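# Descriptive structure summary
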Amino acid sequence: MTSTAADRPDLFPDRLVVAVDGTSGSGKSSTCRGVASRLGLRYLDTGAMFRAMTWWMLEQGVDVHDAAAVAARCDEPVIESGTDPTGPTITVDGADVAAAIRTDEVTGSVSPVSTVPEVRARLLALQRSIIGADVEPAGIVVEGRDIGSVVVPDAPVKLYLTADAAARASRRAAEQGAVDVAATEQLLLSRDQIDSGRATAPLVMADGAVHVDTTGYTLDEVIELVVGMVDRVGT
């Protein structure tokens with residue numbers, strides 16, 4: 001059987017992949033978009049794909065806590081991710097769901113959906129297809145929780161971003177306009193526990209990844225650090 005780029009992550013020899021994993025609220029999205037924009041690379045938010053799957057399940061009335069029910073229908077939605085870092089898009093069955101996937105309902109339901117092996121397998125294939133697409137061959141910055149460990153383990157640049165829980169909660173509360181920072185912190189810690197403890201593709205720091213604690217740094221400083229890492233790979 002012939003392997004293809006969609007099957008094997010080590011078959012992207014001419015495609016620079018910057019794999020960025022880490023905890024919620026550690027600055028992954030802002031960092032990845034900033035790095036991609038600075039370097040003229042594409043950008044993929046894999047977390048948005050899991051949120052899109054979760055949104056669809058909720059819209060269809062599927063019990064997100066019933067793994068078998070989620071697995072039975074996860075091949076149905078057509079999920080498409082735009083890779084422009086200045087304006088990333090996410091659609092489900094042709095409908096723009098960029099705002100819909102950020103609601104509290106989706107946020108509270110995405111963890112059980114993302115632990116279903118069939119969901120992860122379906123989206124893994126889609127993610128590798130996007131990464132290997134024959135467009136913008138300069139490269140792509142990919143963010144998530146299993147990029148360096150599972151999706152593209154041979155990526156030449158791998159990072160693992162974290163931050164102090166209180167700092168992450170403050171950032172996330174500011175983004176969402178939330179008032180209760182303590183409650184936000186508990187939600188983040190709960191998400192960390194679920195992501196790290198799941199049997200399939202748990203949140204871990206990939207072999208060879210550089211650990212960056214963003215607590216004491218500005219966004220521009222983190223972007224500059226990652227840009228420097230990418231530049232060194234290319235020299």
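All figures in this text were calculated on a predicted structure; none of them were measured in a lab.

### Observations concerning the nonpolar core
Counting residues in hydrophobic clusters, the biggest one holds 35 residues, and the most contacted among them are Met53, Met57, Val119 and Ile131. Among residues more than four places away in sequence, those in contact with Val119 are Phe50, Met53, Val70, Cys74 and Val113. In this structure, Tyr43, Val157, Leu161 and Val212 belong to the second largest nonpolar core, which totals 19 residues.

### Some words on helix 1 (residues 28–39)
Between its first and last C-alpha, helix 1 extends 16 Å over 12 residues, near the 16 Å set by a 1.5 Å rise per residue. Within the span of helix 1, buried status applies to Lys28, Thr31, Cys32, Gly34, Val35 and Ala36. For helix 1, the secondary structure elements touched by its buried residues are strand 1 (16–22), strand 2 (42–45), strand 6 (139–144), strand 7 (157–162) and helix 10 (219–233). Looking at the residues trailing helix 1, positive phi occurs at Gly40, about 70°.

### What about the sheet that holds strand 7?
With respect to topology, 5 strands assemble into an open sheet ordered 2-6-1-7-8, the strand pairing being parallel. Because the sheet does not close on itself, it has two edges, and the strands there are strand 2 and strand 8 (210–213). Averaged over neighbouring strand pairs, the angle between their axes works out to 20° when direction is ignored. Sheet topology places strand 7 next to strand 8; 4 bridges connect them, and they run parallel. Bridged to Leu159 within strand 8 is Val210. Most of the contacts of helix 2 (residues 46–59) go to strand 2, to which it runs at about 40°, and overall it touches strand 2 and strand 6.

### Regarding the environment of Val20
Mapping Val20 onto the fold places it in strand 1. Separated by 206 residues in sequence, Val20 and Val226 have C-alpha atoms that sit 9.8 Å apart.

### Thoughts on the pattern of salt bridges
Throughout the structure, instances matching the rule amount to 4 salt bridges. For the salt bridge of Arg102 with Asp45, the shortest nitrogen-to-oxygen distance reads 3.3 Å. Of the two residues, Arg102 sits in the loop between strand 5 (95–96) and helix 4 (104–107) while Asp45 sits in strand 2, which places them 57 residues apart along the sequence. Judged by its relative accessible area of 13%, Asp45 falls in the buried class.

### Structural notes on the packing of helix 2 against helix 6 (residues 117–131)
Two elements in contact, helix 2 and helix 6, have axes separated by 11 Å at closest approach and are oriented at 135°. In terms of orientation, helix 2 lies oblique with respect to helix 6. The two elements helix 2 and helix 6 cross, and the hand of that crossing is right-handed. Residues Thr46, Met49, Phe50 and Met53 of helix 2 form the contact with helix 6, whose own contacting residues are Val119, Arg120, Arg122, Leu123, Leu126, Gln127 and Ile130. Of the residues belonging to the contact of helix 2 with helix 6, the class tally is 7 nonpolar, 2 polar and 2 charged.

Conventions we followed
- Residues numbered from 1 in each chain as written.
- Predicted model: local features only at pLDDT ≥ 70, side-chain atom pairs only at ≥ 80, totals over all residues.
- Heavy atoms only, no water.
- Core = buried A, V, L, I, M, F, W, Y, C linked by side-chain atoms within 4.5 Å.
- Buried < 20%, exposed > 50% of the residue type's maximum accessible area, 1.4 Å probe, protein only.
- Contact = heavy atoms within 4.5 Å.
- Helix = DSSP H or I, 4+ residues; strand = E, 2+ residues; numbered from the N terminus.
- Expected span 1.5 Å × (residues − 1).
- Pairing = 2+ DSSP bridges.
- Axes fitted to C-alpha atoms, helices over the stretch in contact; angles between N-to-C directions.
- Salt bridge = Lys/Arg side-chain N within 4 Å of Asp/Glu carboxyl O.
- Parallel < 35°, antiparallel > 145°, perpendicular 65-115°, else oblique.
- Left-handed = near helix turned anticlockwise from the far one by under 90°.
- Nonpolar A, V, L, I, M, F, W, Y, C, P; charged D, E, K, R; others polar.

Purely spatial values, then, with no claim about function.
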